[in-house]
Amino acid sequence: MATQILVTDAISFVSSHIIKQLVAEGHKVRGTVSHLQDDDEKVKKLLEEVNTEEAKFKLEVVEANPAKADTWEEAMKEVQFVIHGIKAAAPVPVVPEGECVGQPAVDGVVNVFKACVAAKSVSRVILTSSYKAIVPPPTTVSEKVFSESDWADSETADPLTKSIILAEKAAWDFVKELTDADKIELVVINPTQMVGPAVLDVQQDIVKSLMDGSMKTIAKVHYELVDVRDVANAHIKALTHTEVAGNRLLVHGASKCLTQIANHLSTEFKPQGYAVPVYSLPKFALYGLSLFNKNAKSLLPLVGKTRQFDNKKMTETVGITPKDVKDSIIEEAQVLVDRGLVKKTKKVKNSGGAAAATPADGATADGEAKVDEEGGEKKAEEGEDNKPAENGEVKEEGKDEVKAEEGSGDVTASEKKEEDEKKEESGETKTEEPAKSEEKANEEESTAEAKADN
């Protein structure tokens, strides 16, 4: 009997990649979404993407909401492994006097873990947390190398980061208190900021902000990045890897300065007409801008600060060699262009555009370009680009006009052939009505002179 794997929040950036890899590898997968009706279109796209003819088992998607403990019984039936992602959520701001502030992220994790225990079939849970539960913001210069053993301080963290830290700790506390009869193994994945081509929805991250023009200035701020496909791979390996059971796994690719990220994008997409900002503001200028710009204010304390990570467990223990994040950045941006999620420039439109990242939009499964099969619109654009030119100008008349002229009786077949041969020799292409052959022109001139003499 095939092992049943449950992946929650199936349409998210990372879960969709996890599901795609699992199904491709022949696993039996069930995904969940909080609201089937609301997410109907995205679910359809996901099913179309992963349920290929080659798939050994077809993905099924059911409704189960982490915020509602009573929605998980059906989803957990016969499930051996669960992959669940912490959903960062700010605490509930209004509570009755004397009660603790609610933490939706914590409640969601606890509800899912209780359902796992109740199912009696779940042996291991892979929980997606974040590197933010490991490291504090880089507001001070530090030579420290962070690893899985480190924890960020929830008391000094921003509300969303605090919710992630508390939710992960709640998961560890939950499994620690389980009896031997209910024991469940826990593995926590702590990825750095994920980049790469999306299966479904793209994220509003640094790549999109640079490509869509919402980030107009940059500074020397560093980002810790990893390809989303490496993160998905880490989840899958963690399902059965014995050495990671009961441990955290930091998944990290490389650190990149914002100026490097911007230059990677500019080099690739400036020829296509995209104006990606590449010059960083000096700190004093950023300070002035921060007085009235929230984005600049948030970047100011991070300028020049870096954090170092030890990802040996990922590379040596689990055996994942991280992808080059430069390629991940460019692939993500290409998906944005292909899907029209950033405005297409005239150069992109005139070239017919590049391939999209999903089969529905015209791209390969791993985000690389393939031949577009959209048809009409692209063919029309290609037709414009492939028109012959005369004196550097594109010919405006099409084949239909030539056919009409051929059928008009003004040019004979032999004259047409002679005319075409002359054009091939000279390299010229008509821009107006087809020129008459020299013989016919002379004949018409003689006729006109004879009429004049009469």
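In case you missed it, the structure is sitting above this.
The sections below set out a description of the structure shown in this document.

Calculation rules
Residues numbered from 1 in each chain as written. Predicted model: local features only at pLDDT ≥ 70, side-chain atom pairs only at ≥ 80, totals over all residues. Heavy atoms only, no water. Salt bridge = Lys/Arg side-chain N within 4 Å of Asp/Glu carboxyl O. Helix = DSSP H or I, 4+ residues; strand = E, 2+ residues; numbered from the N terminus. Buried < 20%, exposed > 50% of the residue type's maximum accessible area, 1.4 Å probe, protein only. Pairing = 2+ DSSP bridges. Right-handed = clockwise from strand over helix to strand, strands pointing away. Patch = residues over 30% accessible without salt bridge, like charges linked within 9 Å, V, L, I, M, F, W, Y side chains within 5 Å. Areas by Shrake-Rupley, 256 points an atom, 1.4 Å probe, with all protein chains shown as cover. Axes fitted to C-alpha atoms, helices over the stretch in contact; angles between N-to-C directions. Parallel < 35°, antiparallel > 145°, perpendicular 65-115°, else oblique. Left-handed = near helix turned anticlockwise from the far one by under 90°. Contact = heavy atoms within 4.5 Å. Nonpolar A, V, L, I, M, F, W, Y, C, P; charged D, E, K, R; others polar.

### Comments concerning the pattern of salt bridges
This model, assessed by the stated rule, comprises 13 salt bridges. A salt bridge links Glu60 to Arg30, with the nearest nitrogen and oxygen atoms 2.9 Å apart. One end of the pair, Glu60, is in strand β3 (residues 60-63); the other, Arg30, is in strand β2 (residues 28-33), with 30 residues separating them in the sequence. Glu60 gets classed as partly exposed once you look at its relative accessible area, which sits at 34%. For Arg229, the salt bridge is made with Asp227, and the minimal N-O distance between the two is 2.8 Å. According to the relative accessible area criterion, Arg229 is buried, its value standing at 11%. Note on Asp227: relative accessible area 1%, which makes it buried. When salt bridges that share partners are traced, they join Asp227, Arg229 and Glu331 into one network.

### Some points on the pairing of strand β9 (residues 222-227)
Judged by how many residues are buried, β9 sits mostly within the fold: five of six residues are covered. Across three bridges, the pairing between strand β8 (residues 193-195) and β9 is parallel. Along β9, the bridge assignment pairs Met194 with Val226. In this region the chain leaves β8, passes through helix α5 (residues 206-211) and returns to the parallel neighbour β9; the handedness of that crossover is right-handed. By the bridge criterion, four bridges tie β9 to strand β11 (residues 254-257) in an arrangement that is antiparallel. Bridge pairing links His222 to Cys257 in β11.

### Considering a nonpolar patch on the surface
A cluster of nonpolar side chains, Tyr287, Leu291 and Phe292, forms an exposed patch at the surface whose accessible area comes to about 420 Å². Residue position: Tyr287 is located in helix α8 (residues 283-290).

### Notes on the packing of helix α1 (residues 13-24) against helix α2 (residues 40-50)
Packing of α1 against α2 leaves a shortest axis separation of 10 Å and a crossing angle of 30 degrees. The orientation of α1 with respect to α2, classified from their angle, is roughly parallel. Crossing hand, α1 versus α2: right-handed. Counting all contacts with α1, which are made through Ser16, Ile19, Lys20 and Val23, the residues of α2 involved are Leu46, Glu49 and Val50. Residues that form the contact of α1 with α2 fall into these classes: four nonpolar, one polar and two charged.

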